[in-house]
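Here is what each chain is made of, one letter per residue.
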Amino acid sequence: MILLIDPGFRADSLPRDEFVSPVARIAERSGLEWKYRHYAAMDDAIPTDMEGVIICGTALKDNGFLACPDSFDWLHRTEIPVLGICAGMQVLCLTFGGSVKKGCEIGMTDVYVTAPHFLLPGVSSFQAYELHSHSCEPPPGWEILAVSDRCIQAIRDPLHPRFGLMFHPEVRNDRVVEVFLELCRA
Amino acid sequence: MREPMRLGVLCSGGKDSLFACYRAMQEEKVACLVTLFPENPESYMFHTPNLHLVPLQAEAAGLPLVSQKSRGVEDEELGDLSRALSVASDRHGIEGVVTGALMSVYQSSRIQQICSDLDLWCFNPLWYADPDIYMEQLFSEGFRVVVSGVFSAPFDASWLGRKLDRAALSELRGYVRDYRITLTGEGGEYETLVLDAPFFQKRIVIEDAKTTYQNYRGILDVKKAHLEER
């Protein structure tokens, strides 16, 4: 079972359709069940029986989650794999000591792999869909896996299975999500 | 409790934009429809058959319509859309825009950029929706949709004006399997016209239409239509 976290401005609203549901469909295609949770409804710990967590993206102007870092304290207490997509990567950075600043990208962008990793396509660069108004500086000690001309695109925690992606893999890069889900099952 | 957001829906008259409108109405306040009327039938972004019926759809839905003419030239269209959304913002106080984009990164990215420039929210509630579930929802929620254009094999002339019902959907699924079209018409294989929707106060009745068809390409050109009680 995968936990899908919605960082949108309200539970079950329009951003869920656009940013959570496409990830849920990839999980279903991979044969995994999923559970939806809005970030403001998270308890201190994640529900039991979860094999992994994906913190999804949200709309370009939807940045309310950035003002609620305490809502993600539960991340400190989980050892299962976590993938943060766009807003989710921003959450990971803020939670573990990195930072977030203004930085907008919209549309298909070239992403350059700086440290090859099984999560990413096995090529030196690939095209990815971007939709973000903020970019990230990773937490201390985290490894940068890929960049675009504008900002850092993929990071990982070397000590725990935690990954951040600034691009949206659910659009034209499904395989990245599938590989993460395989990691969860392993 | 937060006030509902006032939204403008980009409307082409087809199933995707009007289903997106329906979904937006369930969560927020739809303040108006917004339509661009390109003079160029090869418009990259906005042309569909029977755009001239969008005002009738707006009337059926009881929604104001913001319309903007466009020469339909690729680079100019985005400026025309931006002007239309500015008018919608001034006239109807919209805070965001809703589109029926399904998978088109080309279209979606450009609209996202315009919304960002205008400081408007942008929502795409059908983005990467499951095609089978979405098409089933159209029927189960009470949309009445007809095919208004076909642009690919193996569609023949009998599809023009045909109601999209479960029998049609079954045939479309066969076409997906055998001809690799998209079930939703996302690849431009067919276009649709919505005659009735759950949020319409009246439904559209086609009185007179002319079909033209040749070599797997054809359109249903509605010459006369009116509203009647549902």
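Going by the structure above, here's the rest.
Peer 1: Sorry, what's going on with the overall build of chain A here?
Peer 2: Scanning chain A from terminus to terminus reveals three helices and nine strands. Relative to the 2.2 N^0.38 estimate, which gives 16 Å for 186 residues, the radius of gyration of chain A is 15 Å and therefore close to what a compact globule would have. If you line up chain A on its principal axes, its C-alpha atoms span 40 × 35 × 30 Å. Counting across all 186 residues of chain A, residues that qualify as buried make up 47%.

Peer 1: Would you mind going over the nonpolar core with me for this structure?
Peer 2: Here is a general trend for soluble globular proteins: nonpolar side chains tend to be buried in one another's company. Residues A:Leu4, A:Ile54, B:Val9 and B:Val34 are the most contacted members of the largest nonpolar core, which totals 121 residues. Broken down by element, the residue count for this core peaks at seven residues, all from helix α1 (residues 14–29) of chain A. Built from parts of two domains, this core gets at least three residues from each of domain 1 (6–123) and domain 2 (143–229) of chain B. Leave out the neighbours within four places in its chain, and A:Ile54 touches A:Ile2, A:Leu4, A:Ile5, A:Val23, A:Leu83, A:Ile85 and A:Gly88.

Peer 1: What's the story with the packing of α1(A) against helix α3 (residues 174–185) of chain A in this structure? I'm lost.
Peer 2: Each pair of packed helices can be described by the angle between their axes along with the distance between the axes. Residues and elements named next belong to chain A. Direction vectors running N to C along α1 and α3 enclose 60°, while the axes themselves pass 10 Å from each other. When the axis of α1 is compared with that of α3, the two are oblique. Crossing of α1 against α3: the hand is right-handed. In contact with Val23, Ile26 and Ala27 of α1, α3 contributes Asp174, Val177, Glu178 and Leu181. Of the residues that constitute the contact of α1 with α3, the class distribution is five nonpolar, no polar and two charged.

Peer 1: Before we go on, may I ask you to explain helix α6 (residues 166–179) of chain B in this structure?
Peer 2: All names here are of chain B. For α6, built from 14 residues, the straight-helix expectation of 20 Å at 1.5 Å per residue is met to within 8% by its first-to-last C-alpha distance of 19 Å. For α6, a buried count of one out of 14 residues is recorded, marking the element as mostly open to its surroundings. Directly beyond the C-terminal end of α6, a positive phi value near 60° is found at arginine 180.

Peer 1: So what exactly am I meant to see when it comes to the sheet that holds strand β2 (residues 34–38) of chain A here?
Peer 2: Pairing between the strands of a sheet is mediated by backbone hydrogen bonds and can be parallel or antiparallel. Strands sit in the order β2-β1-β3-β4-β9-β8-β7-β5-β6 (chain A) across an open sheet of nine strands; the sheet is mixed. Of all strands in the sheet, those with a lone pairing partner are β2 and β6 (125–137) of chain A, marking the two edges. When strand polarity is set aside, the average angle formed by the axes of neighbouring strands in this sheet is 20°. Sheet topology places strand β8 (residues 152–157) of chain A next to strand β9 (residues 162–165) of chain A; four bridges connect them, and they run antiparallel. Paired with A:Arg156 across the strands is A:Phe163, a residue of β9(A). α1(A) rests against β1 (2–6), β2 and β3 (52–55) of chain A of the sheet, and its axis sits at about 165° to β1(A). Against the sheet, helix α4 (residues 105–117) of chain B engages β5 (99–113) and β6 of chain A, with an angle of about 155° to β5(A).

Peer 1: Please clarify how helix α3 (residues 74–92) of chain B should be interpreted in this entry.
Peer 2: Along an α-helix, residues three or four apart share an orientation, since each turn contains 3.6 residues. Residue and element names in this part refer to chain B. Between its first and last C-alpha, α3 extends 27 Å over 19 residues, near the 27 Å set by a 1.5 Å rise per residue. Inspection of α3 places Glu77, Asp80, Leu81, Ala84, Leu85, Ala88 and Ser89 among the buried residues, and these make up the whole buried set. Immediately beyond the C-terminal end of α3, within one or two residues, lies glycine 93, with a positive phi of roughly 65°.

Cut-offs applied
Residues numbered from 1 in each chain as written. Chains lettered and ligands numbered in written order. Predicted model: local features only at pLDDT ≥ 70, side-chain atom pairs only at ≥ 80, totals over all residues. Helix = DSSP H or I, 4+ residues; strand = E, 2+ residues; numbered from the N terminus. Rg over C-alpha atoms; globule rule 2.2 N^0.38 Å. Buried ≥ 20, exposed ≤ 12 C-beta atoms within 10 Å, placed from the backbone. Core = buried A, V, L, I, M, F, W, Y, C linked by C-beta atoms within 7 Å. Domains from an automatic or database assignment. Contact = placed C-beta atoms within 7 Å. Axes fitted to C-alpha atoms, helices over the stretch in contact; angles between N-to-C directions. Parallel < 35°, antiparallel > 145°, perpendicular 65-115°, else oblique. Left-handed = near helix turned anticlockwise from the far one by under 90°. Nonpolar A, V, L, I, M, F, W, Y, C, P; charged D, E, K, R; others polar. Expected span 1.5 Å × (residues − 1). Pairing = 2+ DSSP bridges.

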